[in-house]
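An overview of the molecular structure
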Amino acid sequence: MSRRELLVRLVWGCRAVLGLVMLVPGMAFLLSPLKKSGRGTSFDALARMSELKVGEPRAFAVLKDLRDGWVKYPREPIGSVWLIRQPDGVDPPVVALTAECPHLGCAVNLAADGKSFLCPCHNSIFSLAGKPENTVSPRPMDPLDVQITSGPDPEIRVKFERFRPQADRRIPLA
Ligand code: FES
């Protein structure tokens, strides 16, 4: 093999190695959206049964690990959920309602007397079951799926989702 051929092979070899070295982060970058944590696709543990009293709604923040490009934001609040423990023998034992108002998305609060929910933005009123008690909201408060573990003090897990405001039925947002 001549010296020229050796040099050409060396150059091609270096190019191949460089190409491989650049391919790995390039593929990782292209595929990174697939690994991003999704919102609303899993159940999150929000509370223990012992933290709830029957018929007394309590709000819990939903925390998720978020990622924006290369930056991670651990345990960021992405929403809030009202949990209402039901009397013994009622199924489901805990009702979860998202705190986002179905009218325009403001945060729904508990009334001072604890007997209804109200949204301060345009005065929507809801029963503790989430049913509208005036005509402001186009639909009831949005219920969320709940999982309850077994054991002496079960964990309450909720699948947090967002729904389109102002619609008369639940339409999940992507
Ligand atoms: S956003 Fe709740 S009443 Fe309008």
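Notes on the structure follow. Position labels on residues start from 1 in each chain and follow its written sequence. Only residues with pLDDT of at least 70 get local features here, since the model is predicted, and only at 80 or more are side-chain atom pairs given and counted; chain-wide, interface and lining totals rely on the full set of residues.

Re the overall build of the chain
- Tallying secondary structure elements over the chain gives one helix and nine strands in all.
- Going along the chain from the N terminus, every DSSP run of H or I of four or more residues is numbered as a helix, and every run of E of two or more is numbered as a strand. Listing the helices and strands of the chain from first to last along the sequence gives α-β-β-β-β-β-β-β-β-β.
- Around each residue's C-beta, the other C-beta atoms within 10 Å are counted; 20 or more make the residue buried, 12 or fewer make it exposed, and counts in between make it partly exposed. All C-beta atoms are placed from the backbone. In the chain, buried positions account for 17% of the 174 residues.
- Placing C-beta atoms from the backbone, we regard two residues as in contact once those atoms come within 7 Å. Taking contacts inside the chain between residues at least 6 apart in sequence as the whole, the part at least 24 apart equals 46%.

Observations concerning the sheet that holds strand S1 (residues 43-48)
- Taken in spatial order, the six strands make up an open sheet running S1-S9-S8-S4-S3-S2, and their pairing is antiparallel. Looking at strand neighbours, the two that pair on one side only are S1 and strand S2 (58-68), the edges of this open sheet. Pairs of neighbouring strands in the sheet enclose a mean axial angle of 40°, with direction left out of account.
- In terms of strand pairing, S2 meets strand S3 (residues 71-85) through 10 bridges, oriented antiparallel. Each bridged residue has a counterpart across the sheet, and for Asp-68 the counterpart in S3 is Val-71. Being paired, for any two strands, means DSSP has found at least two bridges between them. Between N-to-C directions, angles span 0 to 180 degrees; the directions come from axes that are lines fitted to C-alpha atoms, helices contributing only their stretch in contact.

Side note on the sheet that holds strand S6 (residues 117-119)
- Strand order in the open sheet formed by three strands is S5-S6-S7, with antiparallel pairing between adjacent strands. Pairing within the sheet leaves two strands with one partner each, and these edge strands are strand S5 (109-110) and strand S7 (124-126).
- When S5 meets S6, the two strands line up antiparallel, connected through two bridges. If you follow Asn-109 over to S6, its bridge partner there is Leu-118.

A look at unusual backbone geometry
- Look at the link from Asp-91 to Pro-92: it is a cis peptide, with omega at 0°.
- You can see Pro-92 is positioned in the loop between S3 and strand S4 (94-98).
- Despite not being glycine, Asn-123 has its phi angle at roughly 65°, a positive value.
- Here Asn-123 is to be found in the loop between S6 and S7.
- The exposure class assigned to Asn-123 is exposed, which follows from the 11 C-beta atoms found within 10 Å.
- One non-glycine residue, Gln-166, adopts positive backbone phi at about 70°.

Considerations on the nonpolar core
- In plain words, the nonpolar core is the set of buried Ala, Val, Leu, Ile, Met, Phe, Trp, Tyr and Cys residues that C-beta atoms within 7 Å link up. If you look at the biggest cluster of nonpolar residues, it comprises 20 residues, and the most contacted ones within it are Leu-46, Val-81, Leu-83, Ala-96, Val-108 and Val-158.
- Of all the secondary structure elements, the ones that give two or more residues to this core are S2, S3, S4, S6 and strand S9 (155-159).

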